[in-house]
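Remarks on the overall topology
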Amino acid sequence: MSANETALAERLGRRNLPILCYHRVLAAPPPGGTSNIHVTREVFAAHLRQLRRRGLATITFADLAGERPVPKRPVILSFDDGYRDNYEHLLPLLDQYDARAVIFALGDRNLRSNRWDEGSGMPQAPLMSDAELRACASSGRMEIGCHGLAHRHLRDLDDGALEEELRAGKASLEAVTGRPVISFAYPWGEWSRREREAVARAGYLFGVATDHGTTIAEDRYTLARRIVFPRTSGFGFYKKTSPWYRRYRRVLGRS
Ligand SMILES: [Zn+2]
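Presented here is a report on the structure given in the accompanying data block. Quick caveat: nothing in here was measured; it's all calculated off a predicted structure.

Conventions used here
Residues numbered from 1 in each chain as written. Predicted model: local features only at pLDDT ≥ 70, side-chain atom pairs only at ≥ 80, totals over all residues. Heavy atoms only, no water. Helix = DSSP H or I, 4+ residues; strand = E, 2+ residues; numbered from the N terminus. Rg over C-alpha atoms; globule rule 2.2 N^0.38 Å. Contact = heavy atoms within 4.5 Å. Areas by Shrake-Rupley, 256 points an atom, 1.4 Å probe, with all protein chains shown as cover. Lys, Arg positive; Asp, Glu negative; His and termini not counted. Charge placed at Lys NZ, Arg CZ, Asp CG, Glu CD. Expected span 1.5 Å × (residues − 1). Bend = angle between axes of the 7 residues up to and from the residue. Buried < 20%, exposed > 50% of the residue type's maximum accessible area, 1.4 Å probe, protein only. Core = buried A, V, L, I, M, F, W, Y, C linked by side-chain atoms within 4.5 Å. Donors = N, O, S within 2.8 Å, 3.2 Å for Na, K, Ca; no water. Phe/Tyr/Trp six-rings, centres within 6.5 Å; stacked < 30°, edge-to-face > 60°. Polar contact = N/O pair within 3.5 Å; in protein donor to acceptor, adjacent residues only side chain to side chain. Axes fitted to C-alpha atoms, helices over the stretch in contact; angles between N-to-C directions. Parallel < 35°, antiparallel > 145°, perpendicular 65-115°, else oblique. Left-handed = near helix turned anticlockwise from the far one by under 90°. Nonpolar A, V, L, I, M, F, W, Y, C, P; charged D, E, K, R; others polar.

To continue, consider the overall build of the protein. Summing up its helical and strand segments, the protein has nine helices and ten strands in all. On C-alpha atoms alone, the protein measures out to a radius of gyration of 17 Å, which is about the 18 Å that the 2.2 N^0.38 rule sets for 255 residues. In terms of its C-alpha atoms, the protein occupies a principal-axis envelope of roughly 50 × 40 × 40 Å. Intrachain contacts of the protein at a sequence separation of at least 6 include 67% that bridge at least 24 residues. Surface summary for the protein: the accessible area is close to 11,800 Å², and the carbon and sulfur share equals 50%. If the 39 positive side-chain charges of the protein are averaged to one point and the 30 negative ones to another, these points end up 9 Å apart.

Moving on to helix α4 (residues 84–96). Since the α-helix turns once every 3.6 residues, residues separated by three or four places project in the same direction. The first and last C-alpha atoms of α4 sit 19 Å apart over 13 residues, in line with the 18 Å expected at 1.5 Å per residue. At leucine 90, α4 shows its maximal kink, close to 35°; a proline, proline 92, follows between one and four residues later. Every buried residue belonging to α4 is among Asp85, Asn86, His89, Leu90, Leu91, Leu93 and Leu94, and all of these are buried. Positive backbone phi, approximately 55°, marks aspartate 98, located one or two places after α4.

Grouped together as the largest cluster of nonpolar side chains are 45 residues, with contacts concentrated most on Tyr22, Phe44, Leu77, Phe79 and Tyr204. Here phenylalanine 44 is in contact with Tyr22, Val39, Leu77, Phe79, Leu90, Leu93 and Leu94, once residues within four sequence places are set aside. Grouped together as the second largest cluster of nonpolar side chains are 17 residues, Leu12, Ile19, Phe61 and Leu223 included.

Right, let's get into the coordination of the zinc ion. Each pair of donors in an ideal four-coordinate tetrahedral metal site encloses 109.5 degrees, whereas pairs in an ideal six-coordinate octahedral site enclose 90 or 180 degrees. Looking at the zinc ion, the protein donor atoms are Asp81 (OD), His147 (NE2) and His151 (NE2), and they sit 2.1 to 2.2 Å from it. Considered as a linear motif, the donors of the zinc ion on their single chain read D-x65-H-x3-H. One end of the pair, aspartate 81, is in strand β5 (residues 74–81); the other, histidine 147, is in the loop between β7 (142–146) and α6 (159–177), and 66 residues separate them in sequence.

Summed over the entire model, instances satisfying the criterion amount to eleven aromatic pairs. Ring centres of phenylalanine 61 and phenylalanine 104 lie 6.4 Å apart, and the angle between their planes is 50°; on these two criteria the pair is classed as tilted. With phenylalanine 61 in helix α3 (residues 61–65) and phenylalanine 104 in strand β6 (residues 101–105), the pair connects residues that are 43 residues apart, well separated along the chain. No difference in accessibility class separates phenylalanine 61 from phenylalanine 104, as the two residues are buried.

As for its placement among the helices and strands, glutamate 165 is situated in helix α6. Look at glutamate 165 and you get buried, because its relative accessible area is 1%. There is a polar contact of 2.7 Å between the side chain of glutamate 165 and the backbone nitrogen of leucine 149. In contact with glutamate 165, other than residues within four places in its own chain, are Gly148, Leu149, Ala150, His151, Arg152, Leu154 and Leu157.

What follows deals with the packing of α6 against helix α7 (residues 193–201). Interaxial distance between α6 and α7 falls to 9 Å at its minimum, and their mutual angle equals 45°. The pairing of α6 with α7 is recorded here as oblique in orientation. The handedness of the crossing between α6 and α7 is right-handed. Facing Asp159, Leu162, Leu166 and Arg167 of α6, the residues of α7 in contact are Arg194, Glu195, Ala198, Val199 and Arg201. Of the residues belonging to the contact of α6 with α7, the class tally is four nonpolar, no polar and five charged.

Keep in mind that these numbers describe shape and distance, not what the molecule does.
Structural data, given as structure tokens:
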């Protein structure tokens, strides 16, 4: 372990860090009732109020890796895919509630919508333009992480293509935002030892999965996230941001 690695490991320690996974933030639920990846503005505002009431502070991965002290009760709110509604609706709410979030965007900047969901029944939705992504990055409220180049199943890529997906995705987003990209979200939360090693080798400091993952003390390259669904209640949100949630899911046999 290098001196940097040791310092980071000490800094992270046995810290309990709930990481939530959202996608879209909308003024109203999309028609058709098939979207499983949105919350409304009202619901997200209620989440931010609940966190404040309970004394939890929203941070980013850059905060974890940085030198300033991390708040006692941190939580990371992350948003996958880089939807335009994150710029339109999420950013103003973060401003209003003095909160922060991490956006996992795609490095292929020609991708204009969630084409990978075609045929799944999920509605098509626009992704952020370069200018919108840049505005998010420079707001000081959002860290931009990488979600791959084009939302591919990483397990289908050979070693060379996997490395390209990770390195080119990072470089592309760094070119758009002018900031280092240090965090990576596995598309569909799918990872194995091979992908985990490739993410570390490509120069990221953190990798996030979904339900099946690790705590920050176990492995910071395969961190578990708790998915927030349209149906997640206020109490469900409370559970997903509580230190005992992982043990609770294990007792239920869910992870
Ligand atoms: Zn995704």
